[in-house]
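# Fold and contact review
Each chain is listed here by its residues.
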Amino acid sequence: MIPKKTTVKDSHIVKIAVEREHHIAQLINLDQRHPLASKIQDICNGWSISDHQNYALQFCDPNNRKYVTEKNRNEIKNGSVLQLQYSPSKTACDAMEVLLNGSPQDKALRLKELTTLSTDHTFALEFIKEKGLDTLIRMIEDGGQTNEDILKYSLASFVELMEHGTVSWEVPEISFVARNIEIVRNFQKYPTDCGESALSNLENIVMCSNKHLLVAEDIKLQDILRLLQDVNSPVMRQNAIALLNALFVKADEGRRRTIAQTISAKQFRLALIGNGLGTEMTHQLYVLQTLTLGLLEKRMRMKMNAQDQDAHEKIKELRRIAFDDHTNALNQNDDHIRRGGGSGAGNVNFSQYYKKLGFKCDINPAQDFIETPPGILALDCMVYFARNYTQQYAKIVRENSCRADEHECPFGRTSIELVKVLCDILRIGEPPAEQSGDFQPMFFTHDSPFEEFFCICVITLNRTWKDMRATAEDFSTTFSVVREQIQRTLKGRPENLDDFRNKIALLTYQQITTLRQQERTSKEECDSTASAIVKLKEKISPHILELIKQQRLSFLVEGTHFAKYLRGTRTKDKFWYARLSPNHKVIHYGDCDEKTIPTMEELPKKLPISEIKQLLEGKECPHMKETRIRKSAVNLAFSITFENMEHSTLDFVAPDESIFNYWTDGINALLGQPMVSKQKNEDFDTLLSMEIKLRLLDTEGVDISKDPPPIPEDPENYDFCFES
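Now for a look at the structure at hand. (Residues numbered from 1 in each chain as written. Predicted model: local features only at pLDDT ≥ 70, side-chain atom pairs only at ≥ 80, totals over all residues. Heavy atoms only, no water.)

### A word on the overall build of the protein chain
The number of helices and strands found in the protein chain is 29 helices and eleven strands. Its C-alpha atoms put the protein chain at 125 × 110 × 45 Å along the principal axes. Buried residues in the protein chain amount to 44% of all 724 residues. Long-range pairs, those at least 24 residues apart, make up 64% of the contacts in the protein chain between residues at least 6 apart in sequence. (Helix = DSSP H or I, 4+ residues; strand = E, 2+ residues; numbered from the N terminus. Buried < 20%, exposed > 50% of the residue type's maximum accessible area, 1.4 Å probe, protein only. Contact = heavy atoms within 4.5 Å.)

Structure follows, in structure tokens:
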């Protein structure tokens, strides 16, 4: 039977409404295959408009006021409402006429409209083609003859037009740059919007033109930081930090260190963070954080030089602070060795102290700082800890150097590795990510934030090492826990270093272990309820049951020793043996001693599986009717009744619960009955869980939806058209 052919709607035609001010809207069918200009002409004819070439369609959505073009017309959907407006070229010409010859009030009104129109790429191209950008630049530079609204909207329109990237930032002249700098310096005299736009312009000039040196020379850091202290506008503060970041990126190393040192002053640090951080503001602060911490890269990638006198003095200082009572003689010996003298009698003690400090190369600790990263930065952090936290430093070193077991935590080796881990976590040496917002306020609350961060973490490391009772072989495992402690604490974005210290103190090794287990269990539970996993379990469950069945039957084929019972009492030193034939059709059994494993031929009695009537367990067994029988024996008892022999049974008492479960499961499997032992359920859950995990290895890290995606409805027809 041929199905009835249904009327097919043309997918190229969309039903839309077109509005015009002071006119009744037109409801039309727009064929997307026809030129847009011809349809605009038809719409104009409907309203008796003769100059249709001066009109265009525009989207009505508050978040989308773009002109409709051939490129974006595919955004028009059924039910869309469009407006008939003057075309971009006509609007641009009219705007230029007002900006050149209009009154100040008309100019301000037209510039206000221009701030919205300039966001549209099509209009922007037409306005720039009419020399509109040059006009705006002159109006911004001409500060003496423009009122505040004209300046405000001129700046805003200029920012929007430049956002399209069609004009180079080399176009603005020095006078334009100077004007924007003057607005930023005297931001109190101008509307907030002017400061926002001027800061945005300066940031782009610094990043995208050769005039960045002019901005860096003329604008002072104190001007930007004072602005951050005095203004409350989130956008203005955000743009100020963006300008600060741009100046930082373009500066040489000396200038960067000056900027970092200036913003690290307490009053400016507080001004940077402020209150109510939005997404973009958080990102700009993250960029500044990355740039300032990036100044550590040079030390991080610097190997210790054998001729570096300062570094050698720092190593000696580490030894002197830790073992102050024992180092006077060693200092003289140290100087003698570095000048090329012999090893000397004191060299043995010299290396012993460096061994107690936990260096891998106790003869020459400088060798420990050759690896980069962390390079010489590790030594800087260790010395900072020793100088500023002398008691904790001495306690850690002495406690571990005096331990007689293998659980000592080598301060030197672990500190070097810790600095390497911290550099990796904070991505030191890497450029800021485009979208990341991993801003940590605590790095703006101290003059030496990284070194303080290290001091807190090295104390945490030593505590975790103790909690884990770690040895040198557990080095990597311990650091994986410490890394997790640090990263979990940073996720909470502690407000300051004391907050970080308090929060990480709560994340002990035991707590990390508990959290890992909870997350693992939670994920497994969540995944197990997903419909796809449920179906997978249903699919592989029969295979798992068959696997357990074969294991049970193989155990029966191996056979088992059973103790003999007479009237409920175990007979001393008397045993019998039972085993299943390899073809699973007969149980062979007979007497034996405790140590002998008889073959099937040595077992005289046979019980065909086909003659088994049922399996009895516990008190149901005939040989367990005596009241004096121990409960443990009752729980391990089972009997097989014969089909053709009334009141005849083969009675068992298993040596332990595992053998009891294996035999009862095996007999049930032979009888075609379900296996019901507790051991079977445990084995099934374990094997099923392992099989699921193995099959899902490729989906590690992928969230599995609880419900499958919906199946789309059938198309109205199957007359697909493929255009090449």
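Alright, that's what it looks like, and here's the rest.
### Some remarks on the sheet that holds strand β4 (residues 81-86)
The strand order across the open sheet formed by four strands is β2-β1-β4-β3, and the pairing between neighbours is mixed. Both edges of this open sheet fall to β2 (26-31) and β3 (55-59), since each of them pairs with a single strand only. When strand polarity is set aside, the average angle formed by the axes of neighbouring strands in this sheet is 40°. Where strand β1 (residues 13-19) and β4 come together, three bridges link them in parallel fashion. Bridge pairing in β4 links Glu-19 to Gln-83. On the sheet, helix α1 (residues 36-46) packs against β1, β2, β3 and β4 and is oriented at approximately 160° with respect to β2. (Pairing = 2+ DSSP bridges. Axes fitted to C-alpha atoms, helices over the stretch in contact; angles between N-to-C directions.)

### Digging into unusual backbone geometry
Following Thr-372, the chain continues to Pro-373 via a peptide bond in cis, the omega torsion being -20°. In this fold, Pro-373 is placed in the loop between α18 (347-356) and α19 (376-388). Look at the link from Pro-373 to Pro-374: it is a cis peptide, with omega at 15°. Relative to the elements of secondary structure, Pro-374 occurs in the loop between α18 and α19. In this structure, His-22 is a non-glycine residue whose phi angle is positive, near 65°. Looking at the secondary structure, you find His-22 in the loop between β1 and β2. With phi around 45°, Arg-493 is a residue other than glycine that occupies positive phi space. Looking at the secondary structure, you find Arg-493 in the loop between α23 (475-491) and α24 (497-506).

### Let's talk about helix α20 (residues 390-401)
With twelve residues, α20 should cover 16 Å at 1.5 Å per step; its first-to-last C-alpha distance of 16 Å lies within 8% of that length. Turning to α20, its buried residues number three or more, namely Tyr-393, Ala-394, Ile-396, Val-397 and Asn-400. Buried residues of α20, viewed axially, fall in a sector of 160°; they line one side. Facing away from the buried side of α20 by more than 90 degrees, the exposed set consists of Gln-391 and Lys-395. (Expected span 1.5 Å × (residues − 1). Arc of directions from axis to C-beta.)

The quantities given are spatial measurements derived from coordinates; they are silent on function.
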